[in-house]
Amino acid sequence: MNILESAIAIQDQIKEYRHHIHRNPEIGFYLPKTAAYVQEKLAEMGIESQLCGGPIDDKVRQKFVVAGFPDMAESTGVVATIGHGEPCFMLRADMDALPMTETPGLVDFTSEIPGVAHMCGHDAHTAMLLGAAKLLKERESELKGTVKLMFQTGEECGCGSRLMIEHGLLENPKVDAAFAIHVMSEQELGTVGFTPGITSAAMDTFMVKIKGRGGHSSTPHLCIDPLMIANQLYTTLNLLPGREIDPRETVALTSGRAGGGTAVNIIPDEAEVMVAARTFNREVTHHIVERIPEIVDHTVKMWRGSYDMIDFHTPSTYNDEALCDELRPSIEEVMGKDKVYVAPCMAGTEDFGYVGEEIPAMYATLGVGGKGAAPMHNPSMFVDESMLAYGTALHVTVAVNWLENHSK
């Protein structure tokens, strides 16, 4: 059997992997049950694996507690290798879910964890890579080098891959190139898209806690109203892209969390505004990152308030053009030439960008739905599971062919 036929032959097993992970979602960096499940399945295939992670420093922890994630003491990524020697090609799947509730009855393997669900397809990613691990292990003696498997935590946090890199992901053995697949619910079923060069937006997040002086709503002159300051700040920041950025550039600036207070007749002591700016041009990114803190400082102090601010950065994902050219025939081998296309740059952010800053990398999207389907991060986001075997076959075909082309 060829690789796609082999993947289709184990598609029920791949679905079983996905259903288990979907029923037991975890969010953030600390995914102990998911990591244990991945390691258990790899062990059943005869593949040794290790946790790639460790304690998270207090500064990083605090950022995500403020952002609404649970406190996470450590990260629990998983790494495994198949094959021997040089060169080394890495395949990546992310494992974390989202803090949201899926539409009841959408699938018969609904999340069993209240308020947590896999509505970005990471359960499918992990299942596809487990399927690929099985096929690669069966072909281990034929591999012309090593395939490293990266099961990542904290992608939705924007820096899970960075933490794994800091814990030695790209070493022992040293990784030479990498590939990742992301399912897309609104993309035509059975198609693969990719973007040479800049593939996704950079994201810079600013979480501002405004401190005022609370009191009775009838005596605002005796108070410092943090909600009014938050409103002024929200409005001013949204003027920034239109007044200071070239209209030919793209900036998506959004405040996804803002507010404070407990009752209509109480001016609170504190309020908050959280802003994320997505940009594509590095000069634009630099300007936004420089100006937002200035605007925060002047706006808050203009109304006699004070503030604490936490910020963090996730880079653009960059697809190495030469690697895209090299891997495209392997993708077409699985999907067919007419199903592979060059896509526009994504407005979303993908922390696989940290990998692409270190080594040549390619990130591709796999259509699992089509026009009219619920979008990603929606409670009704749906994956057509007929595509899981194709995702597995893509991983295996890309890795096997790349190693063959670069064997030493």
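Residues numbered from 1 in each chain as written. Predicted model: local features only at pLDDT ≥ 70, side-chain atom pairs only at ≥ 80, totals over all residues. Heavy atoms only, no water.

Enquirer: Can you walk me through the environment of Gly259 in this structure?
Expert: Summarising the element assignment, Gly259 is placed in strand β10 (residues 251-259). For Gly259, a relative accessible area of 25% gives the class partly exposed. Linking Gly259 and Glu270, residues 11 residues apart in sequence, is a C-alpha distance of 9.0 Å. (Helix = DSSP H or I, 4+ residues; strand = E, 2+ residues; numbered from the N terminus. Buried < 20%, exposed > 50% of the residue type's maximum accessible area, 1.4 Å probe, protein only.)

Enquirer: Is there a simple way to think about unusual backbone geometry in this case?
Expert: Comment: phi is negative for the bulk of residues other than glycine, and the bulk of peptide bonds are trans. Between Glu86 and Pro87 the backbone carries a cis peptide bond, its omega angle lying at -5 degrees. Within the secondary structure, Pro87 is located in the loop between β2 (77-83) and β3 (88-94). The omega torsion of the bond from Asn172 to Pro173 falls at 0 degrees, within 30 degrees of zero and hence cis. In this structure, Arg304 is a non-glycine residue whose phi angle is positive, near 70 degrees.

Enquirer: Just checking my understanding: could you explain the sheet that holds β2 for this structure?
Expert: Each strand in a sheet pairs with its neighbour through backbone hydrogen bonds, running either in the same direction (parallel) or in the opposite one (antiparallel). Pairing is mixed across the open sheet formed by 8 strands, whose spatial order is β1-β2-β4-β3-β5-β16-β6-β15. This sheet does not close on itself; its edge strands, each paired only once, are β1 (49-52) and β15 (340-342). Each strand of the sheet is rotated relative to its neighbour by a mean of 25 degrees, with strand direction disregarded. Inspection of the sheet shows strand β6 (residues 192-194) paired to strand β16 (residues 361-369) by 3 bridges, in the antiparallel sense. Opposite Phe194, over in β16, you have Ala364 as the bridge partner. Relative to β3, helix α5 (residues 122-138) is tilted by about 145 degrees, and along the sheet it contacts β2, β3, β4 (146-152), β5 (177-188) and β16. Its contacts with the sheet put helix α11 (residues 388-405) on β3, β4, β5, β6 and β16, and the angle it makes with β3 is roughly 160 degrees. (Pairing = 2+ DSSP bridges. Axes fitted to C-alpha atoms, helices over the stretch in contact; angles between N-to-C directions. Contact = heavy atoms within 4.5 Å.)

Enquirer: It is not clear to me how the environment of Ile359 should be interpreted in this structure. Could you clarify?
Expert: By secondary structure assignment, the location of Ile359 is in the loop between α10 (353-356) and β16. Ignoring any residue separated from it by four or fewer positions in sequence, one finds Ile359 in contact with Leu170, Val175, Asp176, Ala177 and Ala178.

Enquirer: Help me understand the nonpolar core, please; the structure alone is not making it clear to me.
Expert: One recurring pattern in soluble globular proteins is that nonpolar side chains are buried together. In terms of nonpolar packing, the biggest core is built from 104 residues, with Leu42, Phe89, Leu149, Phe151 and Phe179 touching the most fellow members. Apart from residues no more than four positions distant in its own chain, Phe151 is found in contact with Val38, Leu42, Gly77, Val78, Ala93, Met95, Thr126, Leu129, Leu130 and Met164. (Core = buried A, V, L, I, M, F, W, Y, C linked by side-chain atoms within 4.5 Å.)

Enquirer: How do you make sense of helix α3 (residues 32-44) when you look at a structure like this?
Expert: Each full turn of the α-helix corresponds to 3.6 residues, which orients residues three or four apart in the same direction. The end-to-end C-alpha distance of α3, which contains 13 residues, comes to 18 Å, matching closely the 18 Å that a straight helix rising 1.5 Å per residue would cover. Looking at the buried positions of α3, the neighbouring elements they touch are α2 (11-23), β1, β2, α5 and β4. Immediately beyond the C-terminal end of α3, within one or two residues, lies Gly46, with a positive phi of roughly 85 degrees. (Expected span 1.5 Å × (residues − 1).)

Enquirer: I would appreciate a short explanation of the packing of aromatic side chains in the present structure.
Expert: Each aromatic ring pair is characterised by the separation of its centres together with the angle its planes make. Applying the stated criterion across every chain yields a total of 2 aromatic pairs. Ring geometry for Phe89 against Trp402: centres 5.1 Å apart, planes inclined by 35 degrees, an arrangement best described as tilted. With Phe89 in strand β3 and Trp402 in helix α11, this pair connects stretches of sequence that are 313 residues apart. Given a relative accessible area of 5%, Trp402 falls into the buried group. An angle of 35 degrees between the planes, with centres 6.4 Å apart, marks the rings of Phe352 and Tyr363 as tilted. (Phe/Tyr/Trp six-rings, centres within 6.5 Å; stacked < 30°, edge-to-face > 60°.)

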